[in-house]
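# Remarks on the overall topology
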Amino acid sequence: MRPQNLVTFPRILHPGAWWLWALGLAAAASRTLNPVPLLLILAVTGFVVAARRSDAAWAHSYGAFLKLALLIIAVRIVFQSLLSSGSQGPTVLFTLPEVPVAGSTGLKLGGVVSLEAVLRAFYEGLQLATILCCVGAANSLGSARRLLRSVPGALYEIGVAVVIALTFAPQLVTDAARVRAAHRLRGQSGGGLRALKRLAMPVLEGALDRSVELAAAMDSRGYGRTTDAGRVSRRLTGLLVFGGLLGVCVGVYGLLSGTSAGWLGMPALLTGSVLAAGGIYFGGRRTGRSQYRPDPWALPEWLVAGSGLVAAVTMFVTLAVDPAALVLASVTAVPPVPLLACLGIGVAALPAFLAPPLPRPAPAAPARTETVEVAA
Amino acid sequence: MIEFDGVTITFSGESTPVLRDVTLAIPEGELCLVVGRTGSGKTTLLRAINGLVPHFSGGTLAGRVVVDGRDTRDHRPRDLAEVVGFVGQDPLAGFVTDTVEDELAYGMESLGLPADVMRKRVEETLDLLGLAELRDRQLTDLSGGQQQRVAIGAVLTTHPRVLVLDEPTSALDPLAAEEVLATLQRLVHDLGLTVVLAEHRLERVVQYADRVVLVPGGGRPVSDGTPDEMLQHSPVAPPVVELGRVAGWQPLPLSVRDARRRAAPLRALLDGLVPPGHEAADGAGEVVAGLSDVVAGYRQVPVLKGVSVTLRGGEVVALMGRNGAGKSTLLKTLVGMRKPSSGRVRVGGEDPAALKPARLLRHVGLVPQVPGDLLYESTVARECTQADKDAGVPSGTTVALFERLSPGVPPGQHPRDLSEGQRLTLALAIVLAARPPLVLLDEPTRGLDYTAKHRLVEILRDLASRGHAVMLATHDVELVAEVATRVAVLADGEVVADGPVRDVVVSSPAFAPQVAKILAPQTWLTPTDVAVALAGVTTVSRP
């Protein structure tokens, strides 16, 4: 058995597996407002991130996403309370002073705040927050940059462009700070449109210079040398990939929204996938690039991606078989526990053990024995 | 290996060619040094080797450039990727990926080499350049010398026969530069690679070169020959060669070792003479600025750890130390760009961090590492008027200053089109408009050729004689020997030495100028000092 197939062999899991896992959880979260599975999904993401994240800078982004999620819930509750029309439920929590809004817009500020309105806002906010945390988990477990390395050959140019943009953006910020500091030396306090104009000129010049320099470096290192196919085949691949991706998007929308016409769902998704796969295959044949140490896709990747899929599938099955367990009859009722869906989400916690442990940096090499002897 | 046959290069929109009728042959396995003033066409010559000129830059190339049997006329730069490795001036700007290992593999991926070949070559290159321990590191976290070595490694993995480098050491401190040059020499000697490099700091590289190509600029003919032939009459020469001329040595020595072996008679001749002190002309003036026990930097990682320095009028203080030792931070603290977390900073009796920008520029001026940061107008003239307004001085002051520092620049020119040296003097003129008693310069010789550097030395001496206190952070030991009256060495955020130039630099292996190394234990610093002393000796008996 190749060591890559062992779940105990320390290595970095393919970031694509993490993103698929997270997408599965996000898809599950998108189908329900029931706080029981939502909170469970939130817990699962936190648990897996705590177990398998690395020490790299991006790995700490989960915390930021969690804070943003809490903020979303809070904002949602506050706005709902301020703008609630009072007709949303009989249980009055408290009454705010009311500010009439001119005209007959139907809007009002303040007034009666009902428990139902607050709870509904909380549940809806929780759903959005959960989906956000799934993305945060994927981002801190699988580096987005590393994921870009594994884009298929046909999308390679786009991948390169994104990587370069990711490098340039922080550089622009540092440049701007440096130039601003320099302008202070000329006795300018800064502020206003004029200051911005003065800032923009040197910063953009610097960025332009660097881009030209980078383009020259890439050209002299053989970039684009092997992509010399004819125009027709290039157009055809582009059309296939683009059309396919469009189909995938429509299909996913159809599946997730649950209310659109039948052909928008699975059929569109399948057609789109086939088209895109075809385009990527032909485009990949055309590039002739090779890849250095591609991230392997072995058993642990299947397991991790699969566990996310299990969570999504059980949720969709529950929705078909027992929709009452996912849709709350009334917001104030004690939420039911959808057993099957919860089991599926539980499976999605397994990557905490199924994903291979991360390699630790090797300990520093011991001092050479000769020097020890000499010293002794 | 590389042949230029009647090459004339004209960029579009220009009436005169950058290079005219260049005929040149560089045989295999040579280390070839390209020298010339800024803007003379060195970079154009280098870029023509791998076809970046004219394929990438535009313009027309008449004649032929043939590299390893391939004519650049029919081969684009990418088609020459496995023949010519090209490393630009700023390694960071040329990096495509973000880790060392990926960067080394990038070129091979583009060529579509099989996976096992790539794997093997990456490991070999990591070992060859001593990068094995850095393999997983982010490129942005590396030091300048390490980045430059990664950039060299990244083009070596495609196994080119020729390596072209444009000023590979201009941004490096002396030790990091040594590191890179030692790597290059190993490549030439062990792998038989042909290396072509442009460099301003001849004293660093000329000893390793087999051939020197002089690009005089202005369309005058390019000449080439062995280093001592070329340096015999060259107007620009490293101090070791200048000393050789002063002492009348034939053939000229190119390295400290060569010179040292012949220097015994000269040392005997100079014995008993007192080398000039290089101290401030009429003693140091009054205190202009001072730091006491300053701690500054980041909260957890202080960059300056308790630094005390005093600056007096009429002094030129050189601030030395390796990259990251805190030189720039110290300068920034003096202009109030950084607030010290403890300690006291006083410039003209006031705290620079608390001063309004409009008042600050009357006390202290800083020319930043990239002088262009100070400039934003579209012409030199407008830049100068704006500076007059900023400083509240009669209009015309800055233009007059600039004219004195850098005569003959048309006022309608865009600051971007100035040479490095002219841009530096423009920034300096702007800073000087408000007549600050303290003038700071961060790495002023980066990218300057000998002529521009010479001009800078004169300007700095003139400033000091007018009573300004000048402090410059620099790696350039020869500049320090020429101009400084005092040297402060920073290491790890602390001042480890502060005193007259002679006391500090002569005994230091990294900071000693070439003349001091040759004539040690005598403490001469520059060829001019030696020449003046020799002229004073009435009975000169040339060996």
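Quantities reported herein were computed from a predicted structural model and do not represent experimental measurements.

All names here are of chain A. Per the UniProt annotation, the sites labelled "transmembrane region" (unreviewed entry) are residues 12–29, 35–52, 64–83, 154–174, 236–256, 262–282, 302–321 and 333–354. Overall, residues 35–52 shows 100% helix and 0% strand. The separation of its end C-alpha atoms is 26 Å. The distance separating the terminal C-alpha atoms of residues 333–354 is 37 Å; by composition the span is 59% helix and 0% strand.

It is worth spelling out the interface of chain A and chain B at this point. Between chain A and chain B, the residue contacts involve 44 residues of the former and 65 residues of the latter. Between chain A and chain B, roughly 4700 Å² of surface is buried when both sides are summed, and carbon and sulfur atoms account for 51% of that area. In terms of surface lost to chain B, no three residues of chain A exceed A:R186, A:R221 and A:Y292, which account for 22% of the buried area on that side. Viewed at the interface, chain B and chain A are joined by ten salt bridges. The interface formed by chain A and chain B holds 17 residue pairs in polar contact (both at pLDDT 80 or more) in total. Secondary structure elements with two or more residues in the side of chain A that touches chain B: α5 (144–149), α6 (156–185) and α7 (192–220) of chain A.

Moving on, we come to helix α15 (residues 397–405) of chain B. Residue and element names in this part refer to chain B. Within α15 the residues assigned to the buried category are T398, L401, F402 and L405. Buried residues along α15 cover an arc of 95° about the axis, so they all sit on one side. Of the surrounding elements, those touching the buried residues of α15 are α14 (380–391), α16 (420–432) and α17 (450–465).

Per the stated rule, a full pass over the model turns up 37 salt bridges over all chains. Note that A:D219 and B:R78 form a salt bridge whose closest N and O atoms lie 3.0 Å from each other. On the criterion of chain membership, the pair formed by A:D219 in helix α7 and B:R78 in the loop between β5 (70–71) and β6 (84–87) is interchain, its members lying in two chains. Judged by relative accessible area, A:D219 falls into the buried class, the value being 9%.

Residue and element names in this part refer to chain A. Per-residue confidence for chain A averages 83 on the pLDDT scale, and 89% of its residues sit at or above 70. At the low end of the mean pLDDT range in chain A sits helix α13 (residues 369–375), at 42; at the high end sits helix α2 (residues 35–52), at 94. Low pLDDT, under 50, characterises residues 367–376; the stretch is placed with zero contacts to residues that sit more than four places away or in other chains.

Further remarks concern the sheet that holds strand β4 (residues 60–67) of chain B. All names here are of chain B. In spatial order, the strands read β2-β1-β4-β5; together these four strands make up an open sheet with antiparallel pairing. Strand pairing shows two members of the sheet lacking a second neighbour, β2 (19–26) and β5, which therefore form its edges. Taken together, the five bridges between strand β1 (residues 2–10) and β2 define a ladder with antiparallel strand orientation. Residue pairing for β2: I9 is matched across the bridge by L19. Here helix α1 (residues 42–49) sits on the sheet in contact with β1, β2 and β4, set at roughly 125° to β1.

We now examine the environment of B:A154. Of note, B:A154 is situated in helix α5 (residues 144–156). On the basis of relative accessible area, B:A154 is assigned to the buried category, the value being 2%. For B:A154, the contacting residues outside a window of four places in its chain are A:R221, B:E103 and B:L104.

Inspection of every chain in the model, using the stated rule, returns four aromatic pairs over all chains. With a centroid separation of 5.8 Å and an interplanar angle of 50°, the aromatic rings of A:F122 and A:Y123 are classed as tilted. According to the relative accessible area criterion, A:Y123 is buried, its value standing at 9%. With a centroid separation of 5.8 Å and 80° between ring planes, the pair formed by A:W297 and A:W302 is classed as edge-to-face. Residue class for A:W297 comes out partly exposed when judged on its relative accessible area of 32%. Judged by its relative accessible area of 57%, A:W302 falls in the exposed class. In this structure, B:R338 is placed above the aromatic ring of B:Y298, and the distance from its NZ or CZ to the ring centre is 5.2 Å.

About the criteria used
Residues numbered from 1 in each chain as written. Chains lettered and ligands numbered in written order. Predicted model: local features only at pLDDT ≥ 70, side-chain atom pairs only at ≥ 80, totals over all residues. Heavy atoms only, no water. UniProt positions renumbered as here; feature names shortened; annotations may be inferred. Helix = DSSP H or I, 4+ residues; strand = E, 2+ residues; numbered from the N terminus. Contact = heavy atoms within 4.5 Å. Buried area = accessible area lost by both parts, 1.4 Å probe. Salt bridge = Lys/Arg side-chain N within 4 Å of Asp/Glu carboxyl O. Polar contact = N/O pair within 3.5 Å; in protein donor to acceptor, adjacent residues only side chain to side chain. Buried < 20%, exposed > 50% of the residue type's maximum accessible area, 1.4 Å probe, protein only. Arc of directions from axis to C-beta. pLDDT = per-residue confidence, 0-100. Pairing = 2+ DSSP bridges. Axes fitted to C-alpha atoms, helices over the stretch in contact; angles between N-to-C directions. Phe/Tyr/Trp six-rings, centres within 6.5 Å; stacked < 30°, edge-to-face > 60°. Lys NZ or Arg CZ within 6 Å of the ring centre and 35° of its normal.

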